[in-house]
Amino acid sequence: MFKILFYDTKVYDKEFFEEENRKYPMIQIDYLKSELTSNTAELAKGYDAVCAFVNCDVGTDTIDILNQAGIRLILLRCAGFNNVDIKKAQEYNIKVLRVPGYSPEAVAEHAMALALAANRRIHKAYVRVRENDFSLAGMMGFNFYNKTAGIVGTGKIGAAMAKICHGFGMKVIAYDVYQNPQLDFADYVSMDELLKQSDLISLHCPLTDDTYHLIQRETIQKMKDGVILVNTSRGGLVKTNDLIEGIRARKFFAVGLDVYEEEKNNVFENRSDEILETSITARLLSFPNVIITSHQGFFTREALSAISDTTFQNAMSYINNIKSENEVT
């Protein structure tokens with residue numbers, strides 16, 4: 001029996017993974033509500049693998065302890081792996097496998113939902129109408145039709161977002177180190193040109209040393225006045241203090257964020273009765289043209305089903321000593 005310790009379990013995680021587990025009787029999963037950190041890693045002793053999510057801390061200290069516990073496989077049920085010390089895992093010959101493409105459409109559709117809701121002030125309209133206020137002051141948006149959408153990163157998710165924007169009748173321009181041949185309707189331009197031309201900028205790139213704080217004071221100043229910015233990728237792509245400065249300077253018509261810096265302790269948690277450690281979220285939500293959602297871009301039935309399916313396939317590739325394209329190391 002191959003034993004996996006599943007960290008940071010939510011009700012929906014267990015539902016989909018237990019359903020998928022029926023196909024793999026040789027794999028046993030035990031579930032923990034706790035996140036994987038250096039404080040909880042020792043609980044993995046006696047297991048063959050751990051399963052972690054994007055908000056878990058799989059840094060140097062955690063991997064040291066996992067190695068001491070005999071763990072040889074880290075299964076990430078997400079695409080991003082910036083929370084993992086890959087070099088340390090390699091040193092211990094611990095394999096790291098991820099789920100790179102669980103549902104590009106899920107995230108892309110959420111990105112467009114944020115863009116539309118922020119543009120048309122849906123969040124404000126909802127609150128007003130609930131209080132019998134049917135006034136339209138401050139609600140005016142603009143048509144996306146015939147406007148320019150700038151897609152930063154044209155992997156699977158960025159490509160899906162580009163197709164949605166194209167379907168809206170937008171001109172699509174894109175920036176990526178590698179051009180996607182499927183996007184024959186999109187024009188690839190430099191990052192500076194994308195910032196300059198776009199009415200809507202949507203971020204779909206991984207968080208790396210090169211992309212950390214990709215959006216900051218200098219790049220914001222290059223944007224067109226009245227631009228809409230959407231981020232459904234990683235919070236670290238945007239330097240929050242500079243974003244707030246740009247919002248106050250009325251550079252942005254609207255901002256939609258599913259991720260943001262310093263969100264770690266908030267992800268998927270109910271903290272309504274707590275005093276938060278940072279004022280970042282409150283500061284952003286104080287602006288009438290900003291919408292923040294709870295890191296839910298991936299959260300569709302199709303995506304959760306794909307995540308569980310790929311995670312089990314990753315485990316089986318390790319068990320059968322088959323090289324997987326999903327291996328990060």
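For the structure itself, consult the block above.
Throughout what follows, the structure given in this document is the object of discussion. Just so it is clear, the model here is predicted, and its values are computed rather than measured. (Residues numbered from 1 in each chain as written. Predicted model: local features only at pLDDT ≥ 70, side-chain atom pairs only at ≥ 80, totals over all residues. Heavy atoms only, no water.)

1. Overview of the overall build of the protein
Applicable threshold: Numbering of helices and strands starts at the N terminus; helices are DSSP runs of H or I of at least 4 residues and strands are runs of E of at least 2. With the radius of gyration taken over C-alpha atoms, the globule rule is written as 2.2 Å times the number of residues to the power 0.38. For each residue, the accessible area found with a 1.4 Å probe, counting protein chains only, is set against the maximum for its type, and the residue is called buried under 20%, exposed over 50%, and partly exposed in between. Any two residues whose heavy atoms approach within 4.5 Å are treated as being in contact. Using the Shrake-Rupley algorithm and a 1.4 Å probe, accessible areas are obtained, with residue cover drawn only from the displayed protein chains. His residues and chain termini do not enter the charge count, which takes Lys and Arg as positive and Asp and Glu as negative. To locate a charge, take atom NZ for lysine, CZ for arginine, CG for aspartate or CD for glutamate.
The secondary structure content of the protein amounts to eleven helices and twelve strands. Its C-alpha radius of gyration of 21 Å places the protein within 12% of the 20 Å reference for a compact globule of 329 residues. Out of the 329 residues in the protein, the part that is buried amounts to 53%. Here the analysis covers contacts within the protein between residues at least 6 apart in sequence; of these, 69% occur between residues at least 24 apart. In the form shown here, the protein has an accessible surface area of approximately 16,200 Å², with 49% of it arising from carbon and sulfur atoms. On the protein, the mean spot of the 36 positive side-chain charges and the mean spot of the 43 negative ones are 3 Å from each other.

2. Some points on a nonpolar patch on the surface
Keep this limit in mind: Patches here are clusters of residues that have more than 30% relative accessible area and form no salt bridge, with a 9 Å joining cutoff for like charges and a 5 Å cutoff for nonpolar side chains (Val, Leu, Ile, Met, Phe, Trp, Tyr). What makes a salt bridge here is a side-chain nitrogen of Lys or Arg within 4 Å of a carboxyl oxygen of Asp or Glu, nothing more.
On the surface, Tyr 175, Val 177 and Tyr 178 cluster together to form a nonpolar patch covering roughly 370 Å² of accessible area. Structurally, Tyr 175 is set in strand S7 (residues 171–175).

3. A closer look at the pairing of strand S9 (residues 200–203)
Applicable threshold: In this scheme, strands are said to pair when DSSP sees at least two bridges between them.
Burial along S9 is two-sided: Leu 200 and Ser 202 facing one way and Ile 201 and Leu 203 facing the other are all buried. Note that strand S6 (residues 148–152) and S9 share four bridges and pair parallel. Within S9, the position partnered with Gly 150 by the bridge is Ile 201. Here S9 runs beside strand S10 (residues 227–231); their pairing, made up of four bridges, is parallel. Residue Ile 201 lies in a different strand from S10, and its bridge partner there is Leu 229.

4. Regarding the packing of aromatic side chains
Each aromatic ring pair is summarised here by two numbers: the centre-to-centre distance and the angle between the ring planes. The condition that has to hold: Pairing of aromatic side chains here covers Phe, Tyr and the six-membered ring of Trp, requires ring centres within 6.5 Å, and sorts the geometry by plane angle: under 30 degrees stacked, over 60 edge-to-face, intermediate tilted. Lysine NZ or arginine CZ positioned within 6 Å of the ring centre and within 35 degrees of the ring normal marks a charge as sitting over the ring.
Considering all chains together, one arrives at ten aromatic pairs under this definition. With a centroid separation of 4.8 Å and 70 degrees between ring planes, the pair formed by Phe 6 and Phe 17 is classed as edge-to-face. With a gap of eleven residues between them, Phe 6 in strand S1 (residues 2–6) and Phe 17 in helix H1 (residues 11–21) connect regions that are remote in the sequence. Across this residue pair, the class does not change: Phe 6 and Phe 17 are buried. Feature note: the residues Phe 6, Phe 17, Tyr 24, Tyr 31 and Phe 312 constitute an aromatic cluster, connected by ring pairs. Sitting over the face of the ring of Phe 253, Arg 121 holds its NZ or CZ atom 4.4 Å from the ring centroid.

5. Focus on helix H4 (residues 104–120)
So the rule is basically this: Helix span, expected: 1.5 Å multiplied by one less than the number of residues in the helix.
Along its 17 residues, H4 runs 24 Å from first to last C-alpha, staying within 8% of the 24 Å computed at 1.5 Å per residue. With twelve of 17 residues buried, H4 lies mostly within the body of the structure. Along H4, the positions that sit buried rather than exposed are Pro 104, Ala 106, Val 107, Ala 108, His 110, Ala 111, Met 112, Leu 114, Ala 115, Ala 117, Ala 118 and Asn 119. Among the residues trailing H4, Arg 121 stands out with phi positive, at a value near 55 degrees.

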